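Structure assessment
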Amino acid sequence: MSKYIVTGGAGFIGSMLVRKLLERDAAEVAIVDNFSSGRRENLEELGDRVAVHVADIRRFDEIAPLLRGADVVFHLAAIPSVPRSIADPVPSHESNIDGTFQVLRACAEGGVHRVFYAASSSAYGDTEELPKVETMTPRPKSPYALQKLVGEYYATVFASCFGLETVSVRYFNVYGPRQNPSSPYSGIVSLFMKALLERRSPTIHGDGEQSRDFTYVEDVAALSIQAAFAPGVSGRVYNGGNGNRYTLNQIWEILQKIEGVSIPALYGPRRAGDVLHSQADTAAAVRDLGHAPCFSLEEGLRRTLEWYRRDHLRTLAP
Ligand code: UD1
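Structural notes, computed from the coordinates. Just so you know, these numbers come straight off a predicted model, no measurement behind them. (Residues numbered from 1 in each chain as written. Predicted model: local features only at pLDDT ≥ 70, side-chain atom pairs only at ≥ 80, totals over all residues. Heavy atoms only, no water.)

Turning to the overall build of the chain, a few remarks are in order. Counting secondary structure elements, the chain contains 10 helices and 13 strands. Over its C-alpha atoms the chain spans a radius of gyration of 19 Å, differing by no more than 12% from the 20 Å that the globule rule assigns to 318 residues. Scored against the burial criterion, the 318 residues of the chain give a buried share of 56%. Sequence-distant contacts, at least 24 apart, represent 80% of the contacts inside the chain between residues at least 6 apart. A total accessible area of about 13300 Å² is found for the chain, and carbon and sulfur atoms account for 52% of it. With 34 positive and 37 negative side-chain charges, the chain shows a separation of 2 Å between the mean positions of the two kinds. (Helix = DSSP H or I, 4+ residues; strand = E, 2+ residues; numbered from the N terminus. Rg over C-alpha atoms; globule rule 2.2 N^0.38 Å. Buried < 20%, exposed > 50% of the residue type's maximum accessible area, 1.4 Å probe, protein only. Contact = heavy atoms within 4.5 Å. Areas by Shrake-Rupley, 256 points an atom, 1.4 Å probe, with all protein chains shown as cover. Lys, Arg positive; Asp, Glu negative; His and termini not counted. Charge placed at Lys NZ, Arg CZ, Asp CG, Glu CD.)

The tally for this structure, following the rule as stated, stands at 20 salt bridges. Linking R58 and D56 is a salt bridge whose minimum nitrogen-to-oxygen distance equals 2.6 Å. Among the ionic pairs, D274 bridges to R271, the shortest N-O distance being 3.9 Å. R271 sits in the partly exposed class, given a relative accessible area of 30%. Sharing partners across several salt bridges, the network here consists of R199, E259, E306 and R309. (Salt bridge = Lys/Arg side-chain N within 4 Å of Asp/Glu carboxyl O.)

Close to the ligand lie 22 residues; I188, T203, H205, R212 and D274 are nearest. The side chain of S120 places a nitrogen or oxygen atom 3.3 Å from an oxygen atom of the ligand. The contact in question runs from an oxygen atom of the ligand to an N or O atom on the backbone of I188, over 2.8 Å. Contact with the protein chains removes 90% of the 740 Å² of surface that the ligand exposes when unbound. Residue contributions to the shell around the ligand peak at three residues, all from strand 8 (residues 203–205). By residue class, the composition of the shell around the ligand is nine nonpolar, 10 polar and three charged. (Near = heavy atom within 4 Å. Polar contact = N/O pair within 3.5 Å; in protein donor to acceptor, adjacent residues only side chain to side chain. Nonpolar A, V, L, I, M, F, W, Y, C, P; charged D, E, K, R; others polar.)

Our focus in this paragraph is helix 2 (residues 60–67). A turn of α-helix holds 3.6 residues, and therefore any two residues three or four places apart point the same way. Here helix 2 has its buried residues at F60, I63, A64, L66 and L67. Following helix 2 by one or two positions, G69 has its phi on the positive side, about 75°.

Our next topic: the sheet that holds strand 3 (residues 50–54). In spatial order, the strands read 3-2-1-4-5-6-11; together these seven strands make up an open sheet with parallel pairing. Looking at the sheet topology across the chains shown, the edges are occupied by strand 3 and strand 11 (236–240). Averaged over all neighbouring strand pairs, the angle between strand axes comes to 20°, with direction disregarded. Where strand 1 (residues 3–7) lies against strand 4 (residues 72–75), four bridges are found, and the strand directions are parallel. Note that in strand 4 the partner of T7 across the bridge is H75. Across the face of the sheet, helix 1 (residues 12–24) comes into contact with strand 1, strand 2 (28–33), strand 3, strand 4 and strand 6 (165–171) while running at roughly 170° to strand 1. Sheet strands in contact with helix 4 (residues 89–109) are strand 4, strand 5 (114–120) and strand 6, and its direction is about 180° off that of strand 4. (Pairing = 2+ DSSP bridges. Axes fitted to C-alpha atoms, helices over the stretch in contact; angles between N-to-C directions.)

Cis geometry marks the peptide bond from L130 to P131; its omega dihedral reads -10°. Phi angles above zero are rare outside glycine, and S81 is one such case at about 95°. Along the chain, the position of S81 falls in the loop between strand 4 and helix 3 (82–87). Overall, the relative accessible area of 11% leaves S81 in the buried class. For N173, which is not a glycine, the phi torsion comes out positive at approximately 30°.

Below, the structure written as C-alpha cells:
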C-alpha cells in the first residue's frame, strides 16, 4: 500500500490535502505536526484513518524514522506570515529553513520516492511584470519570502546533488474553510470573514488597492497531489495560483454583497514587507501538472463563508 506523509497536516491547507489523499486510493496517510498552529479540530472526522505523529521538523532524530520509506512526503509544515517573520524572525527562520533542510535530509537518507514542497508566491516580491512567471528572478521582500525561497532552492539542490525527486509549487494566497482567523497574522480572507459575521469593520493596511491571486484551498490541495505524481518534473518549481487577481477592496465589496450588509472598512498604514500585486501565470502548471482550478472566487468565498457561519463560534473560541 502506498504511504504518504504530510508535514503540517493538521494545518489549514495540510488537513485539506490529507482529506484529498484519503479520497484518492487505499493509501496509508500520516501526519507529522508539532501543533504550533495546526489543530486537532482540523482532523475531527478523520478518526483513525490517519496516523498523527507529534514531532518537530527541526529535529532530525524525531522525523527521520517517521519519514523513512514513504512514497511521497508533502512538506507543508512552516511558520507562515510575512509580518510575523519581521516581528519575530528567529522561529520562522528555524522552521522554514532549518526544518525544511532536515525534512529533505531525512527523505534523502530514508529512501523517500518524492518530496512535494509548498513554496510561496511571496518569493516574487514586487517584480514589475504581471502575471508572475516562474522564469522571473525572485525578489523576496521579507524574511518569510526569503525563507520559503531558500526551501525551494534546497529542494532543487537535493534533486540535483542527492538524487531525491522533488517538486515545488508556489502557493498564491490560499483561503477557505479551516483557515484560523484568531491571530493578527491570520490570512486576510479569514479576518474578513470574522469581521463580516461579527458585523465589524475590518482593518485594511494601506489603501486596499493591493491585489492578490486568491486561491481556494481545495484547488491547491488537488494541484499539490497532481504535482506529486506528475512525471518528469523533478527539481522544478511551479506557480499554484488561479491566474486572476482581486484587490482587498473588491474582496470586501463582494463579501458585503453576499451577506447583504454595508460595513465600511477602516484603513491603516501599509505593512512592512507587503507585496503590492500578485498574480500567477499558470501556463506551466497547466501544461506539466494538469492544473485545472475548479472554484471561482465568488464560489470559493461563498463556501468559505458558509463554513465560518456553521463553525465560527467554535473556531473563534480562544
Ligand atoms: C503572503 C504570500 C502568500 C503566503 C502568505 C503566508 C504574497 C503575495 N503572498 O501573503 O503566498 O501564503 O504570505 O502567510 O506575498 N492585510 C490587511 N489587514 C489585515 C491583514 C492583512 O489589510 O488585517 C493585508 C496585507 O497587508 C496584505 C493582504 O492583506 O496586503 C494579504 O495579507 P495576508 O493574508 O497576510 O497574506 P500575504 O502577506 O499577501
